[in-house]
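# Structural characterization, general
So you can see what is in the structure, the chains are spelled out below.
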Amino acid sequence: MYSRYKKQFQDARDGLCKPEKIKGFKINEKPSSIRENTRITDISAMSGSTNVNNVLDKVPATWKSKAKTFFFRFDTDGDGLHTRRDYEEIVNRLTGYLKKSGSNPSDDRLQGLKHTFIDVVWSEFVAGNHDTGSNRKVTLQEFTTNVAKKLDEREYAEAVCKAISTHYFDIIDINSDGSISLKEYGDFMELFGVDPKHAPGAFESLDADCNNEISREEFFNAMQNFWLSMDDTGFGACMLGPLIKW
Ligand SMILES: [Ca+2]
Ligand SMILES: [Ca+2]
Ligand SMILES: [Ca+2]
């Protein structure tokens, strides 16, 4: 079954992002790489220092492509660096999108969104808990290293993926009918500057049971797979558009 995902992933990595339809996939079933309770990178088991080059050498290029794609999409001002301002801008876009839709989000919900993206994603994962103020600048190399190291905290990384998935899903499912349509997903991708022509490929990479809607579970599994699977499947790999080669 997962050989199809592998094919899909290879296509995605090659910038094609034309995933095959996958029949018979059980959405409760996680890819083997996620089921196994193994570390993502085994960085903590590495001998010697965990400097940038050591870590980047250790992590497969396929995973680094996913990290690079995320880095590009979240670099909202396009300066080639991640700063606190990029994450504040993402929060602003998501908040603006919710308000424009007439969702009237509660203060608690907006605070939760801000906490997840600024205090957790930016401060802990991207900046590595080190100097998270407005002057901090994170390069692609450092970003990839910091995130890879943080993902070794397996249970915490899974919990963060789940929190982010929940925020995203509730925003993307703008009509609150419990599933994401292609139109809803395309509108969401535009918030990250993704060309609308990539929406169908991204959507198909998330729609595991091919019923033309994305369930909460499919979305959650795809998010987990995007970050926690190193290289053996393509499920969800195109969720931010075609992968950018490392
Ligand atoms: Ca930037
Ligand atoms: Ca919907
Ligand atoms: Ca589906």
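Residues numbered from 1 in each chain as written. Chains lettered and ligands numbered in written order. Predicted model: local features only at pLDDT ≥ 70, side-chain atom pairs only at ≥ 80, totals over all residues.

### Concerning the confidence of the model for the chain
For the chain, the mean per-residue pLDDT works out to 83, and 77% of the residues sit at or above 70. Here residues 1-6 scores under 50 on pLDDT; set against residues more than four positions off or in separate chains, the count is 14 contacts. Across residues 12-39 the pLDDT falls below 50, and counting only partners more than four positions away or on other chains, this stretch makes 63 contacts in the model. (pLDDT = per-residue confidence, 0-100. Contact = placed C-beta atoms within 7 Å.)

### What to know about the packing of helix α6 (residues 107-126) against helix α8 (residues 154-172)
Look at α6 against α8: their axes get within 10 Å of each other, and the N-to-C directions meet at 140 degrees. One way to sum up the angle between α6 and α8 is to call them oblique. Read as a crossing pair, α6 and α8 show a hand that is left-handed. Listed contacts from α8 to Leu 113, Thr 116 and Val 120 of α6 are Val 160, Ala 163, Ile 164 and His 167. In terms of residue class, the contact of α6 with α8 is built from 5 nonpolar, 2 polar and no charged. (Axes fitted to C-alpha atoms, helices over the stretch in contact; angles between N-to-C directions. Helix = DSSP H or I, 4+ residues; strand = E, 2+ residues; numbered from the N terminus. Parallel < 35°, antiparallel > 145°, perpendicular 65-115°, else oblique. Left-handed = near helix turned anticlockwise from the far one by under 90°. Nonpolar A, V, L, I, M, F, W, Y, C, P; charged D, E, K, R; others polar.)

### A few points about the environment of Lys 150
In this fold, Lys 150 is placed in helix α7 (residues 140-151). You can call Lys 150 buried: it has 21 C-beta atoms within 10 Å. Separated by 22 residues in sequence, Lys 150 and Gly 128 place their C-alpha atoms 7.8 Å apart. Each residue touching Lys 150, except ones within four places of it in the same chain, is listed here: Glu 124, Phe 125 and Ala 157. (Buried ≥ 20, exposed ≤ 12 C-beta atoms within 10 Å, placed from the backbone.)

### With respect to the nonpolar core
It is characteristic of soluble globular proteins that their nonpolar side chains tend to be buried jointly. Core analysis: the biggest nonpolar cluster contains 50 residues, and Val 126, Tyr 185, Ala 202 and Phe 219 have the highest contact counts within it. At the level of secondary structure, the elements contributing two or more residues to this core comprise α4 (61-74), α5 (84-100), α6, α7, α8, α9 (182-190), α10 (199-206) and α11 (216-228). (Core = buried A, V, L, I, M, F, W, Y, C linked by C-beta atoms within 7 Å.)

### What about α5?
Relative to the 24 Å expected for 17 residues at 1.5 Å per residue, α5 spans 24 Å between its end C-alpha atoms, a close match to the ideal helical length. Where α5 is concerned, the buried positions are Asp 86, Tyr 87, Ile 90 and Leu 94. The arc that holds every buried residue of α5, seen down its axis, measures 100 degrees, which confines them to one face. Of the exposed residues in α5, those oriented more than 90 degrees away from the buried face are Asn 92, Gly 96, Lys 99 and Lys 100. Among the structural elements, α4, α6 and α8 are those in contact with the buried residues of α5. Gly 102 lies just past α5 and shows a positive phi near 85 degrees. (Expected span 1.5 Å × (residues − 1). Arc of directions from axis to C-beta.)

### Comments concerning the packing of α5 against α6
Any two packed helices are characterised by how steeply their axes cross, that is the angle between the axes, and by the distance between the axes. Close contact between α5 and α6 brings their axes to 10 Å; oriented N to C, the two are set at 155 degrees. Judged on the interaxial angle alone, α6 and α5 are roughly antiparallel. As α5 runs across α6, the sense of the crossing is right-handed. The segment α5 lies against α6, with Arg 84, Tyr 87, Glu 88, Ile 90, Val 91, Leu 94 and Thr 95 engaging Leu 110, Leu 113, Lys 114, Phe 117, Ile 118, Val 121 and Trp 122. Partitioning the contact of α5 with α6 into residue classes produces 10 nonpolar, 1 polar and 3 charged.

### Side note on α8
For α8, built from 19 residues, the straight-helix expectation of 27 Å at 1.5 Å per residue is met to within 8% by its first-to-last C-alpha distance of 26 Å. Within the sequence span of α8, burial applies to Val 160, Cys 161, Phe 169, Ile 171 and Ile 172. What you see down the axis of α8 is that its buried residues fit within an arc of 165 degrees, all on one side. Every exposed residue of α8 that faces more than 90 degrees away from the buried side is listed here: Glu 155 and Ala 159. For α8, the secondary structure elements touched by its buried residues are α5, α6, α9 and α11.

### Focus: the environment of Tyr 97
By the element assignment, Tyr 97 lies in helix α5. A residue is classified by how many C-beta atoms lie within 10 Å of it, and Tyr 97, with 17 of them, is partly exposed. With 75 residues separating them in the primary sequence, Tyr 97 and Ile 172 have C-alpha atoms 9.3 Å apart. The contacts of Tyr 97, once residues within four sequence positions are left out, are Ile 171 and Leu 191.

### Focus: unusual backbone geometry
Here the phi dihedral of Cys 210 falls at roughly 55 degrees; this positive angle occurs in a residue that is not glycine. In this structure, Asn 212 takes a positive phi of about 65 degrees despite not being glycine.

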